[in-house]
Amino acid sequence: MKVEIIPVTPFQQNCSIIICSETNRAAIVDPGGEVERLVDRIDALGVTLEKILITHAHIDHAGGTKDLADKLDLPIEGPQQEDIFWIDRLSDQSRMFQFPEAKPFVPTRWLEHDDTVTVGNLTFDVKHCPGHTPGHVVFINHENKLAWVGDVLFKGSMGRTDFPRGDHQTLIDSIHSSLMTLPDDYQFISGHGDISTIGHERQTNPYIR
Ligand SMILES: [Zn+2]
């Protein structure tokens, strides 16, 4: 597995390209914007993009989904269905944050807790982690001990819960049940900021201790 992180939008959201080294097939996680730049990078990497994975439908994570899916004829997997109200509000979100116009999309596949998704020969466990948004999902690859956690957990912090249908205790519960159950040496990629490990957060994150 190879991973390339490309921060997109003024919010510097960590869009990831996940590449299966065996098949050269790839998925893109959370294409929040800058679709032309992402397509150029996919071309330069010479990989076959097979799907879009979405953790949650905030604009900086999902704003480019419709354009990218249409441009490259890609299926969209995720988020969990409770995020449909955020998908429907993508256009409003783009105006609110003065982003380029973002269009709503229809996921090819809604994801549920304990589903799996594949990228080439790679497999990812899906965990439904509500609290930041009600339909937020995370993706965990056990073989490489790496997780994509969107805006659930950050190095030294956790996601905001002051948006509509956000809930602090629900997010804490999600972190404990789906992420803190992972071994210490698992790394995670957040929607913003640095990579960290589960062990580092268990030791130092004030929201978790
Ligand atoms: Zn978010």
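Small disclaimer: the values here were computed from a predicted structure and weren't measured. (Residues numbered from 1 in each chain as written. Predicted model: local features only at pLDDT ≥ 70, side-chain atom pairs only at ≥ 80, totals over all residues. Heavy atoms only, no water.)

Looking now at the overall build of the protein. Along the protein, the regular secondary structure elements total 7 helices and 13 strands. Dimensions of the protein, computed from C-alpha atoms along their principal axes, come out at roughly 45 × 40 × 30 Å. Across the 209 residues in the protein, those meeting the buried criterion constitute 54%. Long-range pairs, those at least 24 residues apart, make up 60% of the contacts in the protein between residues at least 6 apart in sequence. Surface exposure of the protein reaches about 8900 Å², of which carbon and sulfur atoms provide 48%. (Helix = DSSP H or I, 4+ residues; strand = E, 2+ residues; numbered from the N terminus. Buried < 20%, exposed > 50% of the residue type's maximum accessible area, 1.4 Å probe, protein only. Contact = heavy atoms within 4.5 Å. Areas by Shrake-Rupley, 256 points an atom, 1.4 Å probe, with all protein chains shown as cover.)

Taken together, V3, I5 and I195 make up a surface patch of nonpolar side chains, about 190 Å² in accessible area. Turning to its location among the elements, I195 is positioned in the loop between strand 12 (187-190) and strand 13 (196-197). (Patch = residues over 30% accessible without salt bridge, like charges linked within 9 Å, V, L, I, M, F, W, Y side chains within 5 Å. Salt bridge = Lys/Arg side-chain N within 4 Å of Asp/Glu carboxyl O.)

A word on the coordination of the zinc ion. Taken together, H56 (NE2), H58 (ND1), H132 (NE2) and D151 (OD) make up the protein donors of the zinc ion, found 2.2 to 2.3 Å from the metal. Seen from the zinc ion, its 4 donor atoms lie at angles of 88 to 164°, and the figure they make is irregular. We note that the donor set of the zinc ion lies within a single chain, spaced as H-x1-H-x73-H-x18-D. Here H58, found in the loop between strand 4 (48-53) and helix 2 (59-62), pairs with H132, found in the loop between strand 7 (122-128) and strand 8 (137-141); they are 74 residues apart in sequence, far enough to count as distant. Per residue, the accessibility class of H58 equals that of H132, and both read buried. (Donors = N, O, S within 2.8 Å, 3.2 Å for Na, K, Ca; no water. Tetrahedral: all angles 85-135°; square planar, octahedral: opposite > 155°, others 65-115°.)

Bringing the packing of helix 1 (residues 35-45) against helix 3 (residues 65-72) into the picture now. Angle between the axes and distance between the axes: these two values describe a pair of packed helices. Interaxial distance between helix 1 and helix 3 falls to 10 Å at its minimum, and their mutual angle equals 45°. One finds that helix 1 runs oblique with respect to helix 3. Where helix 1 crosses over helix 3, the handedness of that crossing is right-handed. Residues V35, E36 and V39 of helix 1 touch helix 3, and the partners they reach there are D67, L68, K71 and L72. (Axes fitted to C-alpha atoms, helices over the stretch in contact; angles between N-to-C directions. Parallel < 35°, antiparallel > 145°, perpendicular 65-115°, else oblique. Left-handed = near helix turned anticlockwise from the far one by under 90°.)

In this section: the layout of surface pockets. As a volume, the largest pocket reaches approximately 340 Å³. Together, 19 residues line the largest pocket, and F11, H58, F97, R160 and F163 are the ones closest to its centre. For the lining of the largest pocket, the elements supplying multiple residues, two or more each, are helix 2 and helix 5 (90-96). A per-element tally of the lining of the largest pocket places helix 5 first, with 3 residues. For the lining of the largest pocket, a count of residues per class yields 9 nonpolar, 5 polar and 5 charged. Lining the second largest pocket are 14 residues, with G32, G33, E34, G63 and P100 sitting closest to its centre. (1 Å grid on protein atoms, 1.4 Å probe; cavity = no way out; pocket = protein on both sides within 12 Å on 5 of 7 lines; lining within 4 Å. Points joined across faces, edges and corners; volume = space filled by probe spheres on them. Nonpolar A, V, L, I, M, F, W, Y, C, P; charged D, E, K, R; others polar.)

Attention now moves to helix 6 (residues 168-179). Helical periodicity: at 3.6 residues per turn, an α-helix aligns residues three or four positions apart in one direction. For helix 6, spanning 12 residues, the distance from its first C-alpha to its last is 16 Å, which sits close to the expected 16 Å at 1.5 Å a residue. The complete set of buried residues in helix 6 reads L171, I172, S174, I175, S178 and L179. Angularly, the buried residues of helix 6 cover 160° about the axis, an arc narrow enough to put them on a single face. Where the residues of helix 6 are buried, they touch strand 7, strand 8, strand 9 (146-150), strand 10 (153-154), strand 11 (157-158) and helix 7 (198-204). For helix 6, the N-terminal cap is D167; the gap from its side-chain oxygen to the backbone nitrogen of Q169 is 3.4 Å. (Expected span 1.5 Å × (residues − 1). Arc of directions from axis to C-beta. Polar contact = N/O pair within 3.5 Å; in protein donor to acceptor, adjacent residues only side chain to side chain.)

Let us look at the packing of aromatic side chains. Under the defined criterion, the tally for this structure stands at 6 aromatic pairs. Each ring, one from W86 and one from F163, has its centre 6.3 Å from the other, and the planes form 90°; the classification is edge-to-face. In this pair, W86 is assigned in helix 4 (residues 84-88) and F163 in the loop between strand 11 and helix 6, connecting sequence segments 77 residues apart. Judged by its relative accessible area of 21%, F163 is partly exposed. The interplanar angle of 65° and the centroid separation of 6.3 Å between the aromatic rings of F97 and F99 together place this pair among those described as edge-to-face. Cation over ring: R89 sits above W86, and NZ or CZ is 5.5 Å from the ring centre. (Phe/Tyr/Trp six-rings, centres within 6.5 Å; stacked < 30°, edge-to-face > 60°. Lys NZ or Arg CZ within 6 Å of the ring centre and 35° of its normal.)

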